Amino acid sequence: MTPFVGKRPSSADAVAVALVILLLAACFADVLLSGSSFFVRDLTRYYFPTKSVIHRIVASGELPLWNRFYAGGQPALANPEYEVFYPGQWLIHLPDFYLGFRLHILLHFLIGTIGMYALMRSLRARAEAALITAISFALSGPFVSASNLLTTLFPLAWFPWCLLFFRRYLLQRTRRDLALAAMCMAMVLLIFEPGNVLQIAGICAGYAWYHAVRSQERWRAIGASTVPLALAAGIAAVQLLPTIDFIRHTARSLGMSYEMIATWSLPPIRLAEFLQPHFLGRNPFLSNDYWGGFLYRGQGAPYFQSLYLGLLPLIALISGVVRRDRKTVAGVLSAALLLIVCMGDHTPLLRLAYEAKVPLALRFPERFATGAAFILVLASGLAINRVLNDRAWLATSFKVAMVVLFMTVIMTGFAFTGIGETTFARLWQVSPNALARSMSMCRADWLSVLWRAVVLAGVLATLRRRLVPAFAVLFVVLDLVPLVNELAPRMPREFFSPPPIVDELRDAGPASRIFFQPEWSAGPVMRWYNADRSRIYWVIRNGLFPRLPAAWGRSTILERDIDLTNLRPAADFLKAFLRHPPRDPIQLDAWAAMANVEWLAAFRPPLPRPRDPSAVRPITFLRLRESPRYYFADEVVPFRSEEDFVEAVSSHQHGRHAAYVAAGSLSASRGSVLAFEERANHAEVDTVTSGRGLLVASVTRDDGWRATIDGRPATILPVNIAFQGVAVPPGHHRIAFTYHNPFFDAGVVISAITLLLALFLFSARHAGSALTYSETGWIRGCEKEQLTSPRDML
């Protein structure tokens, strides 16, 4: 039972898969051979250090339940951004973490490409059309742009596989297809990025409705379509249950403002990128040549760097619409609906939904471009298959290509006129100093599109139709591959080695934290360092900006909550801190004592920029007073509100080891911490106190923490808004703190049972037999799908 047409993959399929592997190997040869790696955006500041932490915890023999390195400590396993249970990430557990980190990103290019090829073959497309579609999918602007947004890249790679086996299950109702559909959907759920979950669920639901309308057993078909998703949810329960509980305790549970939800709304003018990939400029993360940045208020850059799918898919889609092909029109309309959602704040719909109090738990409307791109590439693949098989379609596509060529000639010529230059300057608000450079790039980009249009028209006009498929494949490769290095740039291995500033922390103890004051700076020094985007990632790396210190075993606190997944106590503490942020180390002292901060990161004075960007040294570390992670409070200060807390701390009337508690009567006898030992999810503290004292642990409070005193349960008290304390009786005692998520246990049981059921369905002796469909109804369904035999539906 294979996803290809026929009893087993043909020699053409073997050649196509080999070509895909060779193409990806050629595109990313530097990643495979020289040790270069992807680095843009979240890869450097989030994914590399976070996955490094997970690698070290697992290598130590523990489950990554808790991450001690961010924001005073945060849940790891329960946060789906850590992707702990997602098998596609497990390559990071190779002995060479850096090798696994590179490979686990490349793996998803292969998964996505092969999946789209198999899906197209299951739709009875010829091998050349399937290969063109697969390449267009994996090397398209949205997919390659997602290489630095892993929670978007990973689910998108599984979209073709989900639809492939979901469709086969609805058509054939075999146990094996049910199991495979559930397992592929579980891959998406294990990552649990809500936008992508909604999109693949919507795509499958759309196909299920289409199938039900054409089926003789409509309601049974609709009911059957829910079975794979239910099984997938059971398989992914080990992640879903902790995540659902986790979200209730994070900053997201407090609700989000309209401005936050509307961030990264797709400007409608970006639809021009379907024809001109650089319509709004070059890579916004590595150059100052992205003139469309002002369209993204507060961000200056898009969520997806490019929407370009390739010129041939665009021509094929237009041809299908011109010919009123049902599948093409349905695909374009479906994608158009998603693109309207992407536009977010640029249409009144998002505002109306927000004011109507429709639950809007999703940020970044532009995320829905993943589903739109997937649908458009799939629809274009079916249209390309018709072009390669049908002379009438070929003639139509040639005419469309000529119209597009004519429009491209006009736009290119307009770019070389004075009116075009004036229009460009006004449209993109380009300064006179940058206009000449920007216009030069704009003209070069339109000439590039013109060249593509001429070549494609020539391919479609060839009289030797046997060569058309080969030329079409070559054209798609030449069209998309040049954009890959721009959309997914790489840095040499040196970039991912410890920067020189790590040496300044050689005396830092493992239980001390860093406060990065520059992260909150918007002053002239920060603007000076950020002015040259070609150097900005060396500034981040050499400055060891959060959350990079975790990659080398250093903890930070009071950093920005990038993804709004910090626990509410940590969010409240940060909010209190930012009410009156300290301006010097003396004002910082009381906060540093509470937060276990012993090191302050500060900007170096700006110096002339070195020619070598890797030589920039933006940050230095200042050592503050000792601030232990575990200590006995020498004073208990009650407070009633956050304002009271901030006022009490800022007044400097209390000792640096005062404990601020919301209510209750607690004593503060003198005590000492003799020794302590920390592991990933556990800490033991040896103490001695003359009277009843309050042991403060500068570890973020969470329901999963449990404490014992000499093996007997103890109550954990909220202290200093974010942290925890334990009342300790007189004498010598050992206090143990243990973190465990109870929803993890229930999730393991449910996932194990469901996975065993799926494996049984997959490997059962008669796994290929139909489940519930009557033979008559099944045959009618085949006829409705215009298939000639059961094997054709593979």
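Residues numbered from 1 in each chain as written. Predicted model: local features only at pLDDT ≥ 70, side-chain atom pairs only at ≥ 80, totals over all residues. Heavy atoms only, no water.

**Some points on the overall build of the protein chain**
- Within the protein chain one finds 27 helices and 19 strands.
- At 29 Å, the protein chain has a C-alpha radius of gyration in line with the 28 Å of a compact globule built from 794 residues.
- The long-range share in the protein chain, meaning contacts at least 24 apart out of those at least 6 apart in sequence, stands at 79%.
- Surface accessibility of the protein chain: about 32,400 Å² in total, with carbon and sulfur atoms responsible for 62%.
- Of note, the protein chain has its 77 positive side-chain charges centred 9 Å away from the centre of its 57 negative side-chain charges. (Helix = DSSP H or I, 4+ residues; strand = E, 2+ residues; numbered from the N terminus. Rg over C-alpha atoms; globule rule 2.2 N^0.38 Å. Contact = heavy atoms within 4.5 Å. Areas by Shrake-Rupley, 256 points an atom, 1.4 Å probe, with all protein chains shown as cover. Lys, Arg positive; Asp, Glu negative; His and termini not counted. Charge placed at Lys NZ, Arg CZ, Asp CG, Glu CD.)

**What about the pairing of strand β5 (residues 513-516)?**
- Burial along β5 is two-sided: Arg513 and Phe515 facing one way and Ile514 and Phe516 facing the other are all buried.
- In terms of strand pairing, β5 meets strand β6 (residues 555-556) through two bridges, oriented parallel. Among the inter-strand pairings, Ile514 is bridged to a residue of β6, identified as Thr556.
- Looking at chain direction, β5 and strand β7 (residues 597-603) are connected through four bridges and run parallel. Residue pairing in the sheet places Phe515 in a bridge with Leu600 of β7. (Buried < 20%, exposed > 50% of the residue type's maximum accessible area, 1.4 Å probe, protein only. Pairing = 2+ DSSP bridges.)

**A word on empty space enclosed by the protein**
- In the structure shown here, the tally under the stated rule is ten cavities of 30 Å³ or more.
- In this structure, the largest cavity encloses a volume near 100 Å³.
- Within the lining of the largest cavity, the residues separate by chemical class into eight nonpolar, four polar and five charged. (1 Å grid on protein atoms, 1.4 Å probe; cavity = no way out; pocket = protein on both sides within 12 Å on 5 of 7 lines; lining within 4 Å. Points joined across faces, edges and corners; volume = space filled by probe spheres on them. Nonpolar A, V, L, I, M, F, W, Y, C, P; charged D, E, K, R; others polar.)

**A closer look at helix α7 (residues 150-172)**
- Over its 23 residues, α7 extends 34 Å from the first C-alpha to the last, a length consistent with the 33 Å expected when each residue adds 1.5 Å.
- The largest bend along α7 measures about 35 degrees and falls at Phe159, with the proline Pro160 one to four residues further on.
- Burial within α7 is extensive, with 23 of its 23 residues counted as buried.
- Of the residues one or two after α7, Arg173 is the one with positive phi, at around 55 degrees. (Expected span 1.5 Å × (residues − 1). Bend = angle between axes of the 7 residues up to and from the residue.)

**A closer look at the packing of α7 against helix α8 (residues 175-191)**
- α8 packs onto α7 with a crossing angle of 160 degrees between their chain directions and a minimal axis gap of 8 Å. With respect to α8, the axis of α7 lies roughly antiparallel. Along this stretch, α7 crosses α8, giving a crossing that reads as left-handed. On α8, the residues that touch Thr151, Phe154, Pro155, Trp158, Trp161, Cys162, Phe165, Phe166, Arg168, Tyr169 and Gln172 of α7 are Asp177, Leu178, Leu180, Ala181, Cys184, Met185, Met187, Val188 and Ile191.
- Broken down by class, the residue content of the contact of α7 with α8 amounts to 16 nonpolar, two polar and two charged. (Axes fitted to C-alpha atoms, helices over the stretch in contact; angles between N-to-C directions. Parallel < 35°, antiparallel > 145°, perpendicular 65-115°, else oblique. Left-handed = near helix turned anticlockwise from the far one by under 90°.)

**Comments concerning the sheet that holds strand β15 (residues 705-709)**
- One open sheet holds the five strands; their spatial order is β12-β13-β19-β15-β16, and the pairing between them is antiparallel. Unpaired on one side and paired on the other, β12 (671-678) and β16 (712-714) mark the two borders of the sheet. The mean inter-strand angle of the sheet, taken between neighbouring strand axes irrespective of direction, is 30 degrees.
- Inspection of the sheet shows β15 paired to β16 by three bridges, in the antiparallel sense. Along β16, the bridge assignment pairs Ile709 with Arg712.

**Observations concerning the packing of helix α4 (residues 97-122) against helix α16 (residues 369-389)**
- For the pair α4 and α16, the least separation of the axes is 11 Å and the interaxial angle reads 45 degrees. Taken together, α4 and α16 sit at an angle that is classed as oblique. Considering how the two elements wind past one another, α4 and α16 form a crossing that is right-handed. On α16, the residues that touch Met116, Leu119 and Met120 of α4 are Phe374, Val377, Leu378, Gly381 and Leu382.
- In the contact of α4 with α16, the residues fall into seven nonpolar, one polar and no charged.

**Re the nonpolar core**
- Counting residues in each nonpolar core, the largest one holds 219 residues, and the members touching the most others are Phe374 and Phe737.
- Considering every element that reaches this core, the biggest residue donor is α7, with 16 residues.
- Counting residues in hydrophobic clusters, the runner-up holds 27 residues, among them Phe645, Val649, Ala722 and Phe723. (Core = buried A, V, L, I, M, F, W, Y, C linked by side-chain atoms within 4.5 Å.)

**Considering the sheet that holds strand β18 (residues 723-728)**
- Here we have four strands laid out as an open sheet, ordered β9-β14-β18-β17, and antiparallel in their pairing. At either end of the open sheet lies a strand with only one pairing partner, and these are β9 (630-632) and β17 (717-719). Neighbour-to-neighbour, the strand axes of the sheet open up by a mean angle of 35 degrees, direction not taken into account.
- Direction of pairing for β9 relative to strand β14 (residues 693-697): antiparallel, over a ladder of three bridges. Residue pairing in the sheet places Tyr630 in a bridge with Ala697 of β14.

**Side note on the confidence of the model for the protein chain**
- In this model, the protein chain carries an average pLDDT of 89, and 93% of its residues clear a pLDDT of 70 or more.
- In this model residues 772-794 is a low-confidence stretch, pLDDT under 50, and it forms 46 contacts with partners more than four residues away in sequence or in other chains. (pLDDT = per-residue confidence, 0-100.)

**Focus on helix α13 (residues 311-322)**
- Here α13 is twelve residues long and its end C-alpha atoms lie 17 Å apart, about the 16 Å a rise of 1.5 Å per residue gives.
- By the criterion of burial, α13 is predominantly enclosed, with nine of the twelve residues buried.
- Regarding α13, the residues found buried are Leu311, Leu312, Pro313, Leu314, Ile315, Ala316, Leu317, Ser319 and Gly320.
- The inward-facing, buried residues of α13 abut α5 (127-138), α14 (326-343), α16, α17 (391-415), α19 (432-461) and α20 (468-487).
- Of the residues one or two after α13, Arg324 is the one with positive phi, at around 55 degrees.

**Topic: the packing of aromatic side chains**
- Evaluation of the coordinates by the stated rule reveals 46 aromatic pairs.
- Judged by centre distance (5.7 Å) and plane angle (75 degrees), the rings of Phe28 and Phe38 are edge-to-face. With a gap of ten residues between them, Phe28 in the loop between α1 (11-27) and α2 (29-34) and Phe38 in strand β1 (residues 37-38) connect regions that are remote in the sequence.
- When the ring of Phe159 is compared with that of Phe374, the centres are 5.7 Å apart and the planes differ by 85 degrees; the resulting orientation is edge-to-face. Here Phe374 lies in helix α16 and Phe159 lies in helix α7, a separation of 215 residues in the sequence. An identical accessibility class is assigned to Phe159 and Phe374; each is buried.
- In this structure, Arg41 packs its charged tip against the face of Tyr303, placed 5.7 Å from the ring centre. (Phe/Tyr/Trp six-rings, centres within 6.5 Å; stacked < 30°, edge-to-face > 60°. Lys NZ or Arg CZ within 6 Å of the ring centre and 35° of its normal.)

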